[in-house]
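Each chain, written out:
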Amino acid sequence: MFTDLSLIFDFQWNVFSLTSLLSVIINLFLLVLVRAKGPKNESTNWFILVLILLIIWGISEFLDRNSASQIASLFWDYVGRPGWILVTPVLFGFALHFVGQENILKNRFNQLLIFGPFILVLFFSWNTNLIINNDISAHHRVYYGWSITPLGSFFEVFTLLFILFLTASVVLLTRFYLGASDLIKRRQALFIMGAFLIPIIGGIFTDAIFPILGIQIVPIAIILTTAMTISVTYTIIRYSLFVVSPTLAASTIIDTISEALLVIRPNQLIEQVNKATIDLIGLKKNELIGANIQRIMPDDETWNDFREVVLKPLREKDLVLNFKTKFKTKEGKTVPVSFSGVSLKDIGGLISIVGLARNLAKEEEFEQMKLDFVSIAAHELRTPLTSIRGYLSVLQEEVKGKISEEQSSFLDKAFISSNQLEALVENLLSVSRIERGAMQLEKSSVDWEELVSSIVTTYLVRAKGREIDIYFKTPEKKLPKIYVDKFRISEVLYNLIDNALTHTEAGGSVEVSSGLDGDHVVTYVKDTGEGIPPDALPKLFTKFFRVSGVLEQGSKGTGLGLYISKAIVEMHKGKIWVESTPGVGSTFSFSIPVKGEKIEPEFDKFKELGLTHAPDSNGK
Ligand code: ADP
């Protein structure tokens, strides 16, 4: 039909074509704006497609109105049809994305249902005279360009589809507006709804009301549609459509947290995962979603425990905290994790379990690095510190009587500080040894009564200086010998007595006693000091914990003493505990089992290695 190209490009200026040109310019501008400023997501892409179709429509309409001949007008009319015919289903797709029902578009049948009718209309408009009359003779010159009369007996099929789909979009948006809790998305929905109404209402006027009233106007469908795209673009840019919505923000945040998040259905299928889960397990998102949670469990035993301790209880309980379990990665590796789960319920029962899994392997690695650092630093501090203390004490001796009292007090203070520093370094080394599991006991048979009373004796001078009465209460019955690491267990006694003296005022007393309780020897350090507030008691034996009491001010404790004491007592398979009343005093007690087996854990290890005797103190 369009054999003579020169006819097609035969133009004659028509001023009304400016409306089409204007819409092309506007939509081009909107396209650039949305691409540059709009969020990068599916909704934006659908909207960009709307703009492209409008641009095709506008350009062809512009050329149509300027066509000099019937054949040219018909050609440009053909070119423009995909534009105005397909824009409706694409707008519908955009609306579906906006309300979060884009899944509808993933189904082949739905795709056919939405796009099929319009593609058919386009097909028939090109190949038959049913929708649009393609007879050259039907093209008439009118003041605004060209008009086709009669149009096509089934043109109303298109009008109907147009009204149907735009109305469906408005219904979707209204329902979304009424149900959405997110304020910004609600406002956007309202705006888009209004924008969609412009071409619908406009179309009703131009296609129904005006013709009935006998009013003839320039076809302005493209202007109405452009008014709509302007409004939608405004919403996209103004509220940065979809991006700032709290729901989206929440899912972004969920993706940035380092813990693996899993939503699990009551039927044990994985419903949702975040990026950390994908990274941890190594499987793709779509491989995880819909899979049974058992799939990421390394073995049946772990799975059974997980089901019994986490999944089953969460049907009734709201919360399961820090359950240590294991996940299996894609490569079949096992990762230790700490799993916490919350159950989401409604009246009908459990809906989902939201679980957070912390990768313990990563933490252990980090913890190990910290310990190594502390250990190395403390070791390095030890040598210069010993030499400082050595020189200070020599200096103290040498200059005695040759310097003023004030200068002498400076030296004393320096010496005391260096002692405190040494105690701190030793404590740090002990802590790092404990935590690395490197602290070893060298047990021997010990006369406990003798050991405790000798330690108490070393405090007599200091206690007297502070006007505190310290004494060892001899046990009523002779205590059996116990197997302990004399050096380490003494550290515990020193610590407790030291603390008791520090926290007791002049005039008070510290009583140390020991007795047999069942198969344990229990030792008590009882003071009449300031006591410990009840809320501090649970934290007392943790690392670096200190109560800043009245007497404490100015003293330079490290908060490590009780932590180390507890570790040493527990290594002896004993217990340590405290009873305290503020203002009355505290009693720290610890127990050591009498049958402190001679066999040490280390010994067992050597037996395994085929050695028949424990290594000597050099570790050989
Ligand atoms: P440090 O004594 O180096 O601060 P500890 O671990 O030995 O560290 O003690 C932790 C805290 O427990 C102390 O800071 C102190 O507040 C409190 N505490 C320990 N023993 C007593 C006691 N006998 N009376 C009162 N408070 C005590």
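All of the points below concern the structure found in this document. For clarity, every value in this text was computed on a predicted model and none was experimentally measured.

## Things to note about the overall build of the protein chain
- When you go through the protein chain residue by residue, the secondary structure sums to 20 helices and 14 strands.
- Relative to the globule expectation of 25 Å for 620 residues, the C-alpha radius of gyration of the protein chain, 43 Å, shows a markedly less compact shape.
- With respect to the principal axes defined by its C-alpha atoms, the protein chain has extents near 125 × 65 × 50 Å.
- When burial is assessed residue by residue, the protein chain has 42% of its 620 residues classed as buried.
- Intrachain contacts of the protein chain at a sequence separation of at least 6 include 65% that bridge at least 24 residues.
- A total accessible area of about 33,600 Å² is found for the protein chain, and carbon and sulfur atoms account for 61% of it.
- Looking at charge distribution, the protein chain has the averaged site of its 61 positive side-chain charges lying 2 Å from that of its 65 negative ones.

## So, helix H14 (residues 360-399)
- In this model H14 runs 57 Å from its N-terminal to its C-terminal C-alpha over 40 residues, within 8% of the 58 Å that 1.5 Å per residue would give.
- Looking only at H14, the buried set comprises Leu-360, Leu-371, Ser-375, Ala-378, Leu-385, Leu-392, Gln-396 and Val-399.
- Along its buried surface, H14 packs onto strand S5 (319-328), strand S6 (334-346), strand S7 (349-359) and helix H15 (405-436).
- The N-capping residue of H14, defined by a side-chain oxygen 3.0 Å from the backbone nitrogen of Ala-361, is Asn-359.

## With respect to the environment of Arg-358
- Within the secondary structure layout, Arg-358 lies in strand S7.
- Here Arg-358 falls in the partly exposed class, since its relative accessible area comes to 28%.
- Separated by 19 residues in the primary sequence, Arg-358 and Phe-339 place their C-alpha atoms 6.5 Å from one another.
- Setting aside residues up to four positions removed in sequence, Arg-358 forms contacts with Glu-259, Asn-322, Pro-336, Val-337, Ser-338 and Glu-363.

## Some remarks on the site of the ligand
- Within the structure, the ligand sits among 19 residues, and Asn-499, Asp-527, Arg-546, Thr-558 and Leu-562 are positioned closest to it.
- Between the ligand and Asn-499 there is a distance of 2.8 Å, counted from an oxygen atom to a side-chain nitrogen or oxygen.
- Within the contact set of the ligand, an oxygen atom lies 3.1 Å away from a backbone nitrogen or oxygen of Val-547.
- Contact with the protein chains hides 95% of the accessible area of the ligand, taken as 530 Å² for the molecule alone.
- Counting residues per element, the ones that place at least two in the shell around the ligand are helix H18 (486-502), helix H19 (561-571) and strand S14 (585-593).
- Partitioned by chemical class, the residues of the shell around the ligand number eight nonpolar, eight polar and three charged.

## Considering the packing of aromatic side chains
- Under the counting rule described, the total for this entry stands at 24 aromatic pairs.
- Each ring, one from Phe-16 and one from Tyr-143, has its centre 5.2 Å from the other, and the planes form 80°; the classification is edge-to-face. Of this pair, Phe-16 sits in the loop between helix H1 (5-8) and helix H2 (17-37) while Tyr-143 sits in the loop between strand S1 (139-142) and strand S2 (145-148), and the two are 127 residues apart along the sequence.
- Residue classification places Phe-16 among the partly exposed residues on the basis of a relative accessible area of 29%.
- For Tyr-143, a relative accessible area of 42% gives the class partly exposed.
- Relative to Phe-588, the ring of Phe-541 has its centre 6.3 Å away and its plane inclined at 70°; by these criteria the two rings are edge-to-face. Here Phe-541, found in the loop between strand S12 (520-527) and H19, pairs with Phe-588, found in strand S14; they are 47 residues apart in sequence, far enough to count as distant. The exposure classification of Phe-541 matches that of Phe-588, with both residues buried.

## Concerning the pattern of salt bridges
- Taken as a whole, this structure holds 15 salt bridges when the rule is applied.
- Glu-271 serves as the salt-bridge partner of Arg-265, at 3.4 Å between the closest nitrogen and oxygen.
- Judged by its relative accessible area of 37%, Arg-265 falls in the partly exposed class.
- A salt bridge links Glu-363 to Arg-358, with the shortest nitrogen-to-oxygen separation between them at 2.9 Å.

## Thoughts on the packing of H2 against helix H3 (residues 42-65)
- Between H2 and H3, the shortest axis-to-axis distance is 8 Å and the interhelical angle comes to 160°. Taken together, the axes of H2 and H3 are roughly antiparallel relative to one another. Where H2 crosses over H3, the two elements pack in a sense that is left-handed. For the pair formed by H2 and H3, the contact residues are Ser-17, Thr-19, Ser-20, Leu-21, Ser-23, Val-24, Asn-27, Leu-28, Leu-30, Leu-31, Val-34 and Arg-35 on the first element and Thr-44, Phe-47, Ile-48, Leu-51, Ile-52, Leu-54, Ile-55, Gly-58, Ile-59, Glu-61, Phe-62 and Arg-65 on the second.
- Grouping the amino acids of the contact of H2 with H3 by side-chain chemistry returns 14 nonpolar, seven polar and three charged.

## As for unusual backbone geometry
- Cis geometry is found at the peptide bond from Thr-149 to Pro-150, where omega equals -10°.
- Within the fold, Pro-150 resides in the loop between S2 and helix H6 (155-179).
- Despite not being glycine, Gln-268 has its phi angle at roughly 70°, a positive value.
- Along the chain, the position of Gln-268 falls in the loop between strand S3 (260-264) and strand S4 (270-273).

## Side note on the nonpolar core
- Within the largest apolar cluster, 56 residues are counted, with the highest numbers of intra-cluster contacts made by Phe-47, Ile-85, Phe-158, Phe-196 and Val-232.
- Mapped onto this core, the elements with two or more residues apiece are H2, H3, helix H4 (70-98), helix H5 (108-127), H6, helix H7 (183-213) and helix H8 (221-238).
- Considering every element that reaches this core, the biggest residue donor is H4, with eleven residues.
- Counting residues in hydrophobic clusters, the runner-up holds 45 residues, among them Val-431, Leu-562, Val-569 and Val-578.

## Things to note about the sheet that holds S6
- Reading across from one edge, S4-S3-S7-S6-S5 is the order of the five strands in this open sheet, with antiparallel pairing throughout. In this open sheet, the two edge strands, each paired with only one partner strand, are S4 and S5. Between one strand axis and the next, the sheet turns through 30° on average, direction left out of account.
- For S3 and S7, the ladder comprises five bridges, and the chain directions are antiparallel. Each bridged residue has a counterpart across the sheet, and for Leu-261 the counterpart in S7 is Leu-356.

Reading guide: rules and limits
- Residues numbered from 1 in each chain as written.
- Predicted model: local features only at pLDDT ≥ 70, side-chain atom pairs only at ≥ 80, totals over all residues.
- Heavy atoms only, no water.
- Helix = DSSP H or I, 4+ residues; strand = E, 2+ residues; numbered from the N terminus.
- Rg over C-alpha atoms; globule rule 2.2 N^0.38 Å.
- Buried < 20%, exposed > 50% of the residue type's maximum accessible area, 1.4 Å probe, protein only.
- Contact = heavy atoms within 4.5 Å.
- Areas by Shrake-Rupley, 256 points an atom, 1.4 Å probe, with all protein chains shown as cover.
- Lys, Arg positive; Asp, Glu negative; His and termini not counted.
- Charge placed at Lys NZ, Arg CZ, Asp CG, Glu CD.
- Expected span 1.5 Å × (residues − 1).
- Polar contact = N/O pair within 3.5 Å; in protein donor to acceptor, adjacent residues only side chain to side chain.
- Near = heavy atom within 4 Å.
- Nonpolar A, V, L, I, M, F, W, Y, C, P; charged D, E, K, R; others polar.
- Phe/Tyr/Trp six-rings, centres within 6.5 Å; stacked < 30°, edge-to-face > 60°.
- Salt bridge = Lys/Arg side-chain N within 4 Å of Asp/Glu carboxyl O.
- Axes fitted to C-alpha atoms, helices over the stretch in contact; angles between N-to-C directions.
- Parallel < 35°, antiparallel > 145°, perpendicular 65-115°, else oblique.
- Left-handed = near helix turned anticlockwise from the far one by under 90°.
- Core = buried A, V, L, I, M, F, W, Y, C linked by side-chain atoms within 4.5 Å.
- Pairing = 2+ DSSP bridges.

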